[in-house]
Structures are given as structure tokens and as C-alpha cells.
Amino acid sequence: MFGIVRPCRHRLGEKLTAQWTAHLCGLCLALRGDHGQLARIVTNYDGLLISVLTEAQADPGGSTGRRTAGPCPLRGMRTASVAHGEGARLAAAVSLVLASAKVRDHVADGDGLLARRPVALAARRVAAGWDRAGARTGSDVGFDTAVLVDAVDRQTGIESLAGPGTPILTVTEPTETATAAAFAHTSVLAGRPRNATPLAEAGRLFGRLAHLLDAVEDREADAASGAWNPLTATGTSLDEARRLADDAVHGIRLALREAEFTDGGLAHWLLVHELPNSVRRAFGTPSCAHGSHPYAPPGAPGAPGGPTPPEPPRRDRRGLLAGCAVWLGLACTCQLCCGTYEDPWTRERKEGCLHNCDCDCCDCCECCNCCSCGGEDGCCSGCDCGCDC
């Protein structure tokens with residue numbers, strides 16, 4: 001799982017959480033249905049935005065909708081309503097191509113095991129297969145993934161030429177172009193061509209934001225490993241990166257106001273209310289206190305200033321190969337997304353990504369304050385995002 005939009009269930013509420021999960025499962029199942037079990041590992045939070053936007057614009061009963069999925073271990077072997085159709089397939093195609101680019105980038109940088117030639121060769125073959133698979137699915141829904149591949153290829157050349165003084169937006173341009181094309185095509189699938197221009201603008205700014213936040217989050221690790229980082233290479237300060245990120249968030253909000261939706265509640269919440277939280281998280285603003293006990297007595301374990309709660313007894317660790325086998329099983333059943341599972345190696349009890357909360361405007365015991373979450377403009381006029389505070 002990767003992506004910058006990682007919503008908190010406490011902020012989303014029951015209705016929007018159910019919709020969000022339906023799109024997450026829909027993307028995962030679309031990847032499996034078209035490309036096999038291995039493809040499910042590219043399921044990502046940002047990719048499902050494509051499915052969300054398509055459904056938000058579509059007329060009820062169109063080619064985009066819901067279906068009942070079969071039993072899944074993640075849901076306690078229960079069935080569930082999941083998103084399906086062209087929106088989910090477009091999300092799958094985009095996820096495959098961009099994941100392929102990410103793999104090739106790691107191979108080029110020689111990261112971890114990919115520094116070993118046999119592993120790198122295998123990774124390149126997987127990436128090439130994902131490129132072809134993404135192109136096939138993209139063609140099925142009328143989307144030419146060549147624009148994504150071209151953006152990835154240009155990115156490499158731009159990075160090789162970038163140096164101190166190069167505008168950071170020169171480096172982010174290929175990502176902006178790729179996401180603009182993907183966002184705009186949702187209007188084609190939904191039969192709302194007038195939305196193409198505002199959604200392309202929202203996608204362009206989303207791509208800029210994703211690139212900036214990824215650079216900010218990786219800045220220290222890249223410096224330690226000697227890896228290329230756009231902020232360091234161009235000499236862009238964190239203050240300038242934050243300014244550009246905030247501008248992108250504001251621009252996305254304005255662009256979405258120009259688009260027409262039949263049910264834009266979830267799309268609005270993710271792209272208007274959650275993106276400011278993504279920015280704050282990337283730049284180190286303290287967020288959710290769900291891991292502690294905000295009402296614990298002073299000095300108690302978990303309370304501010306109190307002792308650290310004792311760690312549970314350690315359990316026998318698995319070996320490398322055994323842990324990898326367990327991880328693969330978890331990935332193929334989606335438990336890494338939002339189930340409860342044991343860490344494949346340490347055996348520690350963990351909860352999947354869906355349960356991870358990073359909210360910084362609610363305390364888990366009181367209703368989320370929509371006005372404090374909505375950024376500088378507060379609650380949006382005519383907001384239909386499901387906030388019933």
C-alpha cells in the first residue's frame with residue numbers, strides 16, 4: 001500500500017468509510033480479475049481515487065457501479081458490496097503502469113536487494129509485464145497508457161539534468177502530466193466531457209503534490225543513502241516546498257468546484273478535507289492521538305509525561321524465507337490493507353492500513369470538527385461530503 005491520501009475512519013464516518021472500502025476492494029479485485037494474484041500488491045490509496053472520481057460523476061445504473069464480491073478472509077469470509085466497472089479497471093491500469101515505473105526506479109537506484117543482479121533482472125521482468133498488462137486494460141477502457149510511460153521516461157532525463165537552481169516544478173512536470181491525463185479520463189468514462197478540463201487541472205496539481213510530499217518524506221533517508229532527491233538536487237527549501245504544497249491543495253479545491261458530480265461526497269472529502277492532513281503529516285505536524293490515552297490521569301502509562309507502557313512479551317521471530325511466505329499470503333488475501341494480522345517476521349499483532357488513524361482534528365471520543373478539518377476556508381458551502389457534525 002502506498003499513497004498520500006490515507007483517510008482516518010474517525011473522520012470519514014461509517015457511510016464514507018464503507019464507500020472508500022468498496023473502492024479499495026474494487027481496485028484490488030479488478031487487479032486480480034484482469035492480471036492475477038500478484039498484481040494485487042500494487043493496490044494503492046491514490047489509485048483508487050480514479051475509481052472514486054468515475055463513480056462520483058456517473059449516472060446511477062451506468063457502466064460504473066457496485067457488485068457483491070464473494071467471501072474474503074479480510075472480511076471474516078463475508079461478502080461485500082465493491083466498486084466495479086470501467087472506473088475500477090482504469091484505476092487498475094494506472095496503478096500497474098505507475099507501480100512498474102516505481103520498480104524500475106528502485107532497480108536503477110540499486111535499492112536493497114535490487115542491487116543484486118538476479119533480483120534486479122526478475123524485477124525488470126515483472127515491471128515489463130505490468131506495463132503490458134496496464135496497456136491492455138487501459139485500451140479496454142479507452143485510455144492510452146503511453147502518456148504515463150512517456151512521463152516516466154521523461155522523468156529520468158529531467159532528473160539527470162536537474163541541479164541547483166533548477167525549478168522544482170520542472171522536476172514534477174511529468175508526474176503532473178500523467179495524473180492530469182488519468183483524472184481527465186474519468187470524465188470520459190462517466191459521460192461528462194465538460195468535466196475534463198477541471199479534473200485535468202485537479203489531477204495536475206495532485207501529481208505535483210504527490211511528488212513534493214514523496215520528496216519531503218524521503219529527504220532524510222535519501223540523504224543517508226546518497227539517493228537522488230528532487231529537493232536536495234535543486235536546492236529547494238522545505239519552506240518553498242510547503243508553500244507549493246499548500247498552493248496545490250488550494251488549487252485542487254478550486255478545480256473541483258468547477259466539476260459536476262452526481263454524488264461527489266467521497267471525492268470531495270478525500271481531495272478537499274484529507275489532502276491538507278497529508279501535507280501536515282509529511283511536514284511533521286503532530287497528528288492523531290489514537291495511539292495514546294488523551295484522558296488518562298497524569299503520570300499514567302500512555303498519558304503525556306507518563307511512563308512508556310510496557311511492551312508485550314516478544315514471540316519467536318520467523319526466518320527470512322518463512323516471513324516472506326507469510327507476507328505473500330497476507331498480501332494475496334488483502335489483510336495487509338485493513339485486516340488484523342501478525343507481523344510476518346516479528347509475530348507482533350498489527351492492524352492493517354485501514355485501521356491506522358492519523359487524524360489531527362478529532363480525539364476519537366467526540367465528533368470530528370468539520371470546520372477545523374476543512375483547511376483555511378473551513379466548512380465548504382453546500383458540502384455534501386457526509387459530515388454530520
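Visitor: Pulling in residues and values, what's your account of the overall build of the chain?
Guide: Regarding its fold elements, the chain presents 13 helices and 4 strands. Partitioning the intrachain contacts of the chain with sequence separation of at least 6 by distance along the chain shows that 67% fall at a separation of at least 24.

Visitor: Lay out a nonpolar patch on the surface with the relevant residues and their values.
Guide: Among the surface-exposed residues, L38, I41 and V126 lie close enough to one another that they form a single nonpolar patch of about 210 Å² accessible area. Checked against the element boundaries, L38 lands in the loop between α1 (9-35) and α2 (48-57).

Visitor: If you had to explain the layout of surface pockets to someone new, which residues and values would you point to?
Guide: Its boundaries defined by the atoms lining it, the largest pocket holds a volume of some 1600 Å³. Taken together, 47 residues make up the lining of the largest pocket; nearest its centre are L98, K102, D105, T175 and D214. Among the elements that make up the lining of the largest pocket, the one with the highest residue count is helix α3 (residues 86-109) (11 residues). Partitioning the lining of the largest pocket into residue classes produces 22 nonpolar, 12 polar and 13 charged.

Visitor: If you had to explain α2 to someone new, which residues and values would you point to?
Guide: For an α-helix, the turn length of 3.6 residues means that residues three or four places apart are oriented alike. Counting buried positions over the 10 residues of α2 gives 10, a clear majority of the element. Those residues of α2 that fall on the buried side of the exposure criterion are L48, L49, I50, S51, V52, L53, T54, E55, A56 and Q57.

Visitor: Account for the packing of helix α6 (residues 168-189) against helix α7 (residues 196-225), naming residues and giving values.
Guide: At a minimum axis separation of 6 Å, α6 and α7 run at an interaxial angle of 140 degrees. Relative to α7, the element α6 is oriented oblique. Both α6 and α7 take part in a crossing whose hand is right-handed. In this structure, α6 contributes I168, L169, V171, T172, T175, E176, T179, A180, F183, A184, T186 and S187 to the contact, and α7 contributes A196, L199, A200, A202, G203, R204, F206, G207, R208, H211 and L212. The residue inventory of the contact of α6 with α7, partitioned by class, reads 12 nonpolar, 8 polar and 3 charged.

Visitor: Got a sec to walk through the nonpolar core? Specific residues and values, please.
Guide: Membership of the largest hydrophobic core comes to 65 residues, with the highest contact counts inside it found for I4, W20, F206, L209, I252, L271 and L275. In terms of residues, this core owes the most to one element, α3, which gives 10 residues. I158, A162, A215 and L231 belong to the second-largest nonpolar core, a separate cluster that totals 10 residues.

Visitor: Just give me the short version of the environment of A248, but keep the residues and values in it.
Guide: Position of A248 relative to the elements: it lies in helix α9 (residues 238-257). Judged by relative accessible area, which is 1%, A248 ranks as buried. Residues contacting A248, with those up to four places away along its chain left out, are L205 and L209.

Visitor: So what's going on with the packing of α1 against α3? Residues and values would help.
Guide: One way to put it is that α1 packs onto α3 with a least axis distance of 8 Å and a crossing angle of 75 degrees. By the angle class used here, α1 and α3 are roughly perpendicular. Of the residues in α3, those in contact with G26, L27, A30, L31, D34 and H35 of α1 are A88, R89, A91, A92, S95 and L96. Looking at the contact of α1 with α3, its residues break down into 7 nonpolar, 3 polar and 2 charged.

Visitor: For the pattern of salt bridges, give the residues involved together with the corresponding values.
Guide: When charged atoms on two side chains of opposite charge get close, those side chains can pair. Throughout the structure, instances matching the rule amount to 15 salt bridges. One salt bridge connects D34 with R89, and the closest N-O pair in it is separated by 2.9 Å. In this pair, D34 sits in helix α1 while R89 sits in helix α3, placing the two residues 55 residues apart along the sequence. When its relative accessible area of 35% is taken as the criterion, D34 is described as partly exposed. By relative accessible area, which is 25% here, R89 ends up partly exposed. In this structure, R243 engages D247 in a salt bridge whose closest nitrogen and oxygen atoms are separated by 3.1 Å. Within this pair, R243 and its partner D247 are both found in helix α9, separated by 4 residues, close to a single helical turn. What emerges from the salt-bridge pattern is a single network uniting E176, E201, R204 and R208.

Visitor: I'd like a rundown of the packing of aromatic side chains, residues and numbers included.
Guide: The geometry of an aromatic ring pair is captured by two quantities: the separation of the ring centres and the angle between the planes. Per the counting criterion, the structure on display carries 2 aromatic pairs. Considering the side-chain rings of W20 and Y45, the 5.4 Å spacing of their centres and the 35 degrees angle between planes classify their relative orientation as tilted. Taken together, the residues W20 in helix α1 and Y45 in the loop between α1 and α2 connect sequence positions 25 residues apart. For the residue pair W20 and Y45, the accessibility class agrees, reading buried in each case. One cation-aromatic arrangement involves R242 over F283; the distance from NZ or CZ to the ring centre is 5.2 Å.

Visitor: Now, about the confidence of the model for the chain: what can you tell me, with residues and values included?
Guide: In low-pLDDT segments, the atomic positions of the prediction should not be examined closely. Looking at the chain, the pLDDT average stands at 79 and 70% of residues meet or exceed 70. No element of the chain has a lower mean pLDDT than helix α13 (residues 370-373), at 38, and none a higher one than α9, at 97. Within the model, the stretch residues 287-314 combines pLDDT values under 50 with 34 contacts to residues more than four positions away or in other chains. Note on residues 384-389: pLDDT under 50 across the span, and 14 contacts to partners over four residues away in sequence or across chains.

Visitor: Pulling in residues and values, what's your account of α9?
Guide: Over its 20 residues, α9 extends 29 Å from the first C-alpha to the last, a length consistent with the 28 Å expected when each residue adds 1.5 Å. Regarding α9, the residues found buried are A241, L244, A245, A248, V249, G251, I252, R253, A255 and L256. Contact partners of the buried residues in α9: α6, α7, α8 (230-234) and α10 (265-282).

Rules of the game
Residues numbered from 1 in each chain as written. Predicted model: local features only at pLDDT ≥ 70, side-chain atom pairs only at ≥ 80, totals over all residues. Heavy atoms only, no water. Helix = DSSP H or I, 4+ residues; strand = E, 2+ residues; numbered from the N terminus. Contact = heavy atoms within 4.5 Å. Patch = residues over 30% accessible without salt bridge, like charges linked within 9 Å, V, L, I, M, F, W, Y side chains within 5 Å. Areas by Shrake-Rupley, 256 points an atom, 1.4 Å probe, with all protein chains shown as cover. Salt bridge = Lys/Arg side-chain N within 4 Å of Asp/Glu carboxyl O. 1 Å grid on protein atoms, 1.4 Å probe; cavity = no way out; pocket = protein on both sides within 12 Å on 5 of 7 lines; lining within 4 Å. Points joined across faces, edges and corners; volume = space filled by probe spheres on them. Nonpolar A, V, L, I, M, F, W, Y, C, P; charged D, E, K, R; others polar. Buried < 20%, exposed > 50% of the residue type's maximum accessible area, 1.4 Å probe, protein only. Axes fitted to C-alpha atoms, helices over the stretch in contact; angles between N-to-C directions. Parallel < 35°, antiparallel > 145°, perpendicular 65-115°, else oblique. Left-handed = near helix turned anticlockwise from the far one by under 90°. Core = buried A, V, L, I, M, F, W, Y, C linked by side-chain atoms within 4.5 Å. Phe/Tyr/Trp six-rings, centres within 6.5 Å; stacked < 30°, edge-to-face > 60°. Lys NZ or Arg CZ within 6 Å of the ring centre and 35° of its normal. pLDDT = per-residue confidence, 0-100. Expected span 1.5 Å × (residues − 1).

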